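Single-letter residue listing:
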Amino acid sequence: MTAHPRAAPDHDRFTAETERFRRELLAHCYRMVGSAHDAEDLVQESYLRAWRSYSGFEGRASIRSWLYKIATNVCLTALRPRPIRVLPSGLTGPYDGPDRPPGTVAPDEVSWLEPLPDAWIAPPADDPAAVVIERESLRLALIASLQYLPARQRAILILREVLAFSAAETAEILGTTTAAVKSGLQRARARLDESTPQQEELLEPTDQRARALLDGYIAAFERSDAALLEQVLRTDATLEATPFRDWQAGRAMCIHVLGAYVLGTPGDWRMIATTANGQPAAVVYHRDADGALRADGAVVLAPTATGVLHVIKFHDPALVAAFGFPDVLAH
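Please read all numbers here as calculations on a predicted model, not as lab measurements. (Residues numbered from 1 in each chain as written. Predicted model: local features only at pLDDT ≥ 70, side-chain atom pairs only at ≥ 80, totals over all residues. Heavy atoms only, no water.)

Q: Residue-level account of the UniProt feature "domain: RNA polymerase sigma factor 70 region 4 type" (unreviewed entry) in the protein chain, with values.
A: Here the UniProt feature "domain: RNA polymerase sigma factor 70 region 4 type" (unreviewed entry) sits at residues 140–192. Span residues 140–192 is 79% helix and 0% strand, its end C-alpha atoms 14 Å apart. (UniProt positions renumbered as here; feature names shortened; annotations may be inferred. Helix = DSSP H or I, 4+ residues; strand = E, 2+ residues; numbered from the N terminus.)

Q: An account of the domain arrangement of the protein chain is requested, with residue identities and associated values reported.
A: Looking at the protein chain, the domain boundaries give domain 1 (13–194) and domain 2 (208–329). Here the C-alpha centroids of domain 1 and domain 2 sit 27 Å apart. Opposite the 31 residues of domain 1 that make contact, domain 2 presents 25 residues. Between domain 1 and domain 2, the buried area comes to about 2700 Å², and carbon and sulfur atoms account for 61% of it. Here Asp246 and Arg100 are joined by a salt bridge, their closest N and O atoms 2.7 Å apart. At the boundary of domain 1 with domain 2, the tally comes to 21 residue pairs in polar contact (both at pLDDT 80 or more). Here the side of domain 1 that touches domain 2 is composed, by residue class, of 18 nonpolar, 6 polar and 7 charged. (Domains from an automatic or database assignment. Contact = heavy atoms within 4.5 Å. Buried area = accessible area lost by both parts, 1.4 Å probe. Salt bridge = Lys/Arg side-chain N within 4 Å of Asp/Glu carboxyl O. Polar contact = N/O pair within 3.5 Å; in protein donor to acceptor, adjacent residues only side chain to side chain. Nonpolar A, V, L, I, M, F, W, Y, C, P; charged D, E, K, R; others polar.)

Q: I'd love a proper account of the pairing of strand E7 (residues 293–304), names of residues and values included.
A: Among the 12 residues that make up E7, 11 are buried, leaving the element largely enclosed by the rest of the structure. Here 7 bridges tie strand E6 (residues 279–287) to E7, and the two strands are oriented antiparallel to one another. Residue pairing in the sheet places Val283 in a bridge with Ala298 of E7. Joining the antiparallel neighbours E6 and E7 is a turn of 5 residues, in which Gly291 adopts a positive phi near 90°. Sheet topology note: the E7/strand E9 (residues 328–329) ladder contains 2 bridges and is antiparallel. Its bridge partner being in E9, Leu293 is matched across the sheet by Leu329. Relative to strand E8 (residues 307–314), E7 runs antiparallel, the two sharing 7 bridges. (Buried < 20%, exposed > 50% of the residue type's maximum accessible area, 1.4 Å probe, protein only. Pairing = 2+ DSSP bridges.)

Q: If you had to explain helix H6 (residues 151–162) to someone new, which residues and values would you point to?
A: For H6, with 12 residues, the first-to-last C-alpha span of 15 Å sits near the 16 Å given by 1.5 Å per residue. Regarding H6, the residues found buried are Gln153, Arg154, Ala155, Ile156, Leu157, Ile158 and Leu159. Where the residues of H6 are buried, they touch helix H2 (22–33), helix H4 (63–79), helix H5 (140–146), helix H7 (167–174) and helix H8 (178–195). A positive backbone phi angle near 60° is found at Ala164, which sits one or two residues after H6. (Expected span 1.5 Å × (residues − 1).)

Q: Go over the state of the cysteines with me, naming the residues and quoting the values.
A: Scanning the entire structure with this criterion turns up 0 disulfides. Of all cysteine sulfurs, the one in Cys75 lies closest to Cys29, which takes part in no disulfide; the gap is 3.5 Å. The class for Cys29 is buried, based on a relative accessible area of 0%. (Disulfide = S-S within 2.5 Å.)

Q: Tell me about the environment of Pro243, and please be specific about residues and values.
A: Mapped onto the secondary structure, Pro243 falls in the loop between strand E3 (233–242) and strand E4 (248–249). Separated by 39 residues in the primary sequence, Pro243 and Glu204 place their C-alpha atoms 27 Å from one another. Non-local contacts of Pro243, meaning those with residues more than four positions away in its chain, are made with Thr104, Val105, Trp112 and His315.

And the structure:
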């Protein structure tokens, strides 16, 4: 008589078999939904579902592909009622009207893309065999473009192109046919090519040139010195910030807006270097009326060999805690 493979689920065994995939599943859910906090919730839901069905897992697929099947379908279900997450450049063209402070979007009118702290998916220092997640697959420009694909096409593209699952494995994960996967991938590639402008390779955050650009950007804010930005931004740089609808194209316009409406006086801003989406970043603090430096959000740079190409500021104080920093900085 053959015994049921796992009649009584063993939580220690479940943890030993599944926990090592948590970081890559978080990255996967983030690519799908464009929000670090939503991705974290979806991974929790995926592990809960996996535990509930673990006794029935018979090993016909690898534990990894079984987890990806659960997580992908959790994401697809979650995406059905939700608007896509965007950046300001996904709403309209660059602002070229009369000089005025950038206009904001009303609360709840738009769902904004969020950055992903690199620390959330960094391999543990004591685990040399841990999977290193490709930084290129998490660049903000790619994540923003992925959100415009229909959810199933997005899943197919990520599973095939980023995670290198075969067409047959992808079909099994999505409960469809290999032919449907192949045609969906073709459509997704074509659509992504249309929406993603070709740009030169970004510098890695560990590159000394990238760090110098980030240091220069931080110094410009902390010293309230718009002229410093001349040394940091490319002539074709863009600047966008949530929750503002207006965004700027061209170094001169970027520097004008920052100098006129943002930089303030020396000491108004404090930034601490970090990394997000495989790019140099900083958490941002702003001095309030009482003189306290309070969490303001995060900024992510797209550095190239000739300067910063894109600056994206996320005005969300809760992000500072997500990056592991305090809400208020000591003087």
